[in-house]
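Below, each chain spelled out in residue letters.
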Amino acid sequence: MSEKILEVRNVSKTFPGVQALKDVSLDVHEKEVLALVGENGAGKSTLIKIISGVHKADSGEIYYLGKKVNFKDPTEAIASGISTIHQELNLFEELTVAENIFVGNVKGFSFSKKKAFKVVSELLDSLKFNIRADEKVKNLNTSEKQLVSIAKALFLNARIIIMDEPTATITEYEAERLFEIVKGLKAKGVSVIFISHRLEEIYQIADRVAVLRDGELIGVKHITEVDREELIRMMVGRKIEEMYPKFNRPEKETIFAVENLSVGTFVKNVTFDVRKGEIFGIAGLVGSGKSEIALGIFGHLPANWSKMVLNNNELQPSKNMLEHGIALVPEDRKKMGLVLELDVTKNIVLQNTNEVSRGLHISWKKAKVLASEEVKKYSIKVTSIYQKVKTLSGGNQQKVVLAKVLRKTPRLVMLVEPTRGIDVATKVEVYNIVNRLANEGVGVIFISSELPEILGLCDRVLVMHRGRSMGILDRHELSEERIIKLATGVDD
Amino acid sequence: MSWRKITAKLREYPAVVGLVGVVVLFSLLSDRFFTLSNFVNVLRQVSMQAIIAFGMTVVIISGGIDLSVGSVFALSAAILASTIAKGGSILLGILAALLVGAGFGFFNGFVIAKGRLQPFIVTLATMAIARSLTLAYMEGMPITGFPSSFRFIGAGDILGIPVPVIIMFSLLLLMFYLTRYTKFGLYAYSIGGNELASKLSGVKVDLYKISFYILSGVLTAVSAVILTSRLNSAQPTFGVGYELDAIAAVVLGGASLSGGKGSVLGTFFGALIMGILNNGMNILNVSPFYQDAVKGIVILTAVLVEREG
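No experiment lies behind these values; they were computed from the predicted model shown.

Now for the pairing of strand β4 (residues 59-64) of chain A. All names here are of chain A. Alignment of strand β1 (residues 4-15) against β4, held across five bridges, turns out to be antiparallel. In the sheet register, V8 faces β4, and the bridge partner there is I62. As defined by bridge partners, β4 adjoins strand β5 (residues 67-69) across three bridges and the pair is classed as antiparallel. Bridge pairing in β5 places Y64 opposite K67. The hairpin turn running from β4 into β5, its antiparallel successor, is two residues long, and L65 in that turn takes a positive phi close to 55 degrees.

This part is about the environment of A:I193. Residue and element names in this part refer to chain A. As for its position among the elements, I193 is in strand β8 (residues 191-195). Between the alpha carbons of I193 and L392 there is a distance of 26 Å; along the sequence they are 199 residues apart. Among residues more than four places away in sequence, those in contact with I193 are V28, L34, L36, I48, I160 and I162.

The next thing to look at is the sheet that holds strand β3 (residues 33-37) of chain A. All names here are of chain A. Ordered by their spatial adjacency, six strands build an open sheet running β6-β7-β8-β3-β9-β10, and the pairing between neighbours is mixed. Every other strand in the sheet has two partners, leaving β6 (82-85) and β10 (216-222) as the edge strands with one partner each. Geometrically, the sheet is characterised by an average inter-axis angle of 20 degrees between neighbouring strands, direction not taken into account. One ladder, built from four bridges, connects β3 with strand β9 (residues 208-213); its direction is parallel.

When pLDDT is averaged along chain A, the result is 88; 95% of the residues meet or exceed 70. Mean pLDDT across the elements of chain A bottoms out in helix α8 (residues 228-236) of chain A (82) and peaks in helix α11 (residues 344-350) of chain A (97).

The subject of this paragraph is the domain arrangement of chain A. Size of an interface: often given as the accessible area lost when the parts come together. Residues and elements named next belong to chain A. Each assigned domain of chain A is listed here: domain 1 (4-236) and domain 2 (254-487). Taken over C-alpha atoms, the centre of domain 1 sits 33 Å from the centre of domain 2. Across the boundary between the two partners, domain 1 contributes 13 residues, which contact 13 residues of domain 2. For the side of domain 1 that touches domain 2, the elements supplying multiple residues, two or more each, are α6 (172-187) and α8. If you tally residues by element for the side of domain 1 that touches domain 2, the top one is α8, at three residues. Of the residues belonging to the side of domain 1 that touches domain 2, the class tally is six nonpolar, four polar and three charged.

Take the packing of helix α5 (residues 90-115) of chain B against helix α6 (residues 119-138) of chain B next. Helix-helix packing is characterised by the crossing angle of the two axes and by the distance between the axes. Residues and elements named next belong to chain B. It is at 9 Å that the axes of α5 and α6 come closest, and there the two elements cross at 150 degrees. Relative to α6, α5 is oriented so that their crossing is right-handed. Contact with α5, carried on its side by F104, F107, N108, V111 and I112, involves P119, V122, T123, T126 and A130 of α6 and no other residues of that element. Residues that form the contact of α5 with α6 fall into these classes: seven nonpolar, three polar and no charged.

Looking now at the interface of chain A and chain B. Between chain A and chain B, the residue contacts involve 22 residues of the former and 18 residues of the latter. For the side of chain A that touches chain B, the elements supplying multiple residues, two or more each, are α10 (333-337), α11 and β19 (361-362) of chain A. At three residues, the largest contribution of residues to the side of chain A that touches chain B is made by α10(A). When the residues that make up the side of chain A that touches chain B are grouped by side-chain class, the tally is eleven nonpolar, seven polar and four charged.

Next up on the list: the sheet that holds strand β22 (residues 460-465) of chain A. Residue and element names in this part refer to chain A. Reading across from one edge, β17-β20-β21-β13-β22-β23 is the order of the six strands in this open sheet, with mixed pairing throughout. Edge positions in the sheet fall to β17 (326-329) and β23 (468-474), since each has one partner strand and no second. When the angles between neighbouring strand axes are averaged without regard to direction, this sheet yields 20 degrees. In this sheet, strand β21 (residues 443-447) lies alongside strand β13 (residues 279-284) in parallel orientation, the contact comprising four bridges. The residue of β21 that forms the bridge with F280 is I445. Across the sheet, helix α15 (residues 424-439) touches β13, β20 (412-416) and β21, and the angle it forms with β21 is around 150 degrees. Against the sheet, helix α17 (residues 480-487) engages β13, β22 and β23, with an angle of about 30 degrees to β22.

Calculation notes
- Residues numbered from 1 in each chain as written.
- Chains lettered and ligands numbered in written order.
- Predicted model: local features only at pLDDT ≥ 70, side-chain atom pairs only at ≥ 80, totals over all residues.
- Pairing = 2+ DSSP bridges.
- Helix = DSSP H or I, 4+ residues; strand = E, 2+ residues; numbered from the N terminus.
- Contact = placed C-beta atoms within 7 Å.
- Axes fitted to C-alpha atoms, helices over the stretch in contact; angles between N-to-C directions.
- pLDDT = per-residue confidence, 0-100.
- Domains from an automatic or database assignment.
- Nonpolar A, V, L, I, M, F, W, Y, C, P; charged D, E, K, R; others polar.
- Left-handed = near helix turned anticlockwise from the far one by under 90°.

Encoded structure:
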């Protein structure tokens, strides 16, 4: 058994209205990957923020390298060797890789770009990161930016690197590469705390897994000692018999069909149809053009097609497909789905003003009834229907989006990454909603980068690669390997 | 109303606290301040600024800004004055002025929405254009010579209440309704809060944006009609700096220049604070050289306090 490098002892933290952490004790060993899992709101972020000096614990202690520490801010934690790689990757877009790594670490006033370039080039080479030190960060993709952050942490002699959901925004291929790098870090004597929603990858890289639920540490297990079922049970506190309940029965009848769809200059000649009662999936890596398909059909991105039919009506490209009964649950709920400063009622009403208004006048009495119905229907957890949506958890925010989009039953609904960043229990609720829609005869297009849900939920799957359709797989042809091959362009 | 409800309301309108503050301060410093006639006086002085600021509020809530109001004010006044001076009816003159306001508002909104340009730049340009057109049209000279009945709008009163004050309160009521109880208002907040989400929810974003700027232009013209009537002349230098006064009132009223926040009632209180500061400092004989500095400090303090809250 290796040495303990970090010990969290009886840490508690309360925010106004919530106890975020209750008496949590946890060790991090040398040269290990410790996975931290739990639903949204379980306390993962609070815990890492306390370890990395962003928040102060109300009670409890933290021992690092055998000594009690009390970091006053993240800078002090980083200087001591605890670096955090945040999801939003706090890099300076307009600066080069070398400058980014040196920012905040220049001693004195003089700064030699040349020297920085040389030092960083050597560092990147030694890590086998295929990135140029003089490249501007804005020209890098998310995965490369993560590598820059990792390089920066190592440059600062990090002993512990905390990664906050690093795979949420990168492709599977890039994730594989990241895992290799994480294993390399271990060999270098660095410990990694790895936060993730995806159980598959935890089995791939973690040595131990710690489960948080409602601010409490439910347990820490060696990865070999715990199976998926049990892990999920620990996370949600109840057994999920079936993550992907299927009760829809695809019929022969076609609801929606599009031929030779092109979106912008990227997506070309995509043809598919959606049948009644079917959940039609679109899979592919990030940037393969799958979300563009939805935005193109919806009328948000410039698109054209040789023929598009919805419920036997032929449709021409138009800016307002909503009026034809085509609904969209967009990819990024904060950027595209919600007005965060407005309350739950206003967000739901926004797409349904016709139901509560006469002319310009809005009846807030009717809006209240409407919002209460939806909050009940989707069991959205709110203190009041006038709560601002920015204060809701990710899962509840997504439910507000669903309520808003589905209030008026659409003929065709396109859901883009509808379960990204939400907890397991809410994911299952989303799957149930999708199933119900298909059963009610709504055409459903389910677009996702997460293979398990594509495999678990969809009846047929179109796989995208670099803006082209690589083929449509039937349910009996569906397998992870098959989809990955198509999605990475390895067609045999 | 319970104490908690009152404090919650105050949080919604932080300008009220500032307003009470300046009223108490000037009341203590001068016995000429806290009188009914002085308050009526303040309201009349404030009315023109407030009316412009009402329109600016909606534009700022929607995430925009309208720098052209001062110049559009001058051009509306010029067109109004010359129409009446040339023998047109008062009504025709007013319609012409409102049309100038609406026209510039439409132009601003159209270029911003369809051209996907930043409101700051677009209205900075129209600010210059409208001012230049005004100077050219008036050849740098004031326009006077109206029938005496025209004076009623700016200088008359009904049952002792000045007409501009009545106009201001009517518009306040109308704008309160528009922003709180209509799609127009809901969309102003939603577009300012998240334009993309509004668009994907089916909101006709361009159409509404254009309408916000038209409203701002029209209210500016209404204000120009009042001042022209009150001074019985139109001057080419009318409205210089009015955009900044309007923005100050809106921000004092709790709006954020990044959009999605603010209220017409708050703006009204904001405009009142500015008006009372002017009035109080004049009563106290504060040198005009220092008056703007005081106003600047008040704005900064207000914004800092609101940030904390």
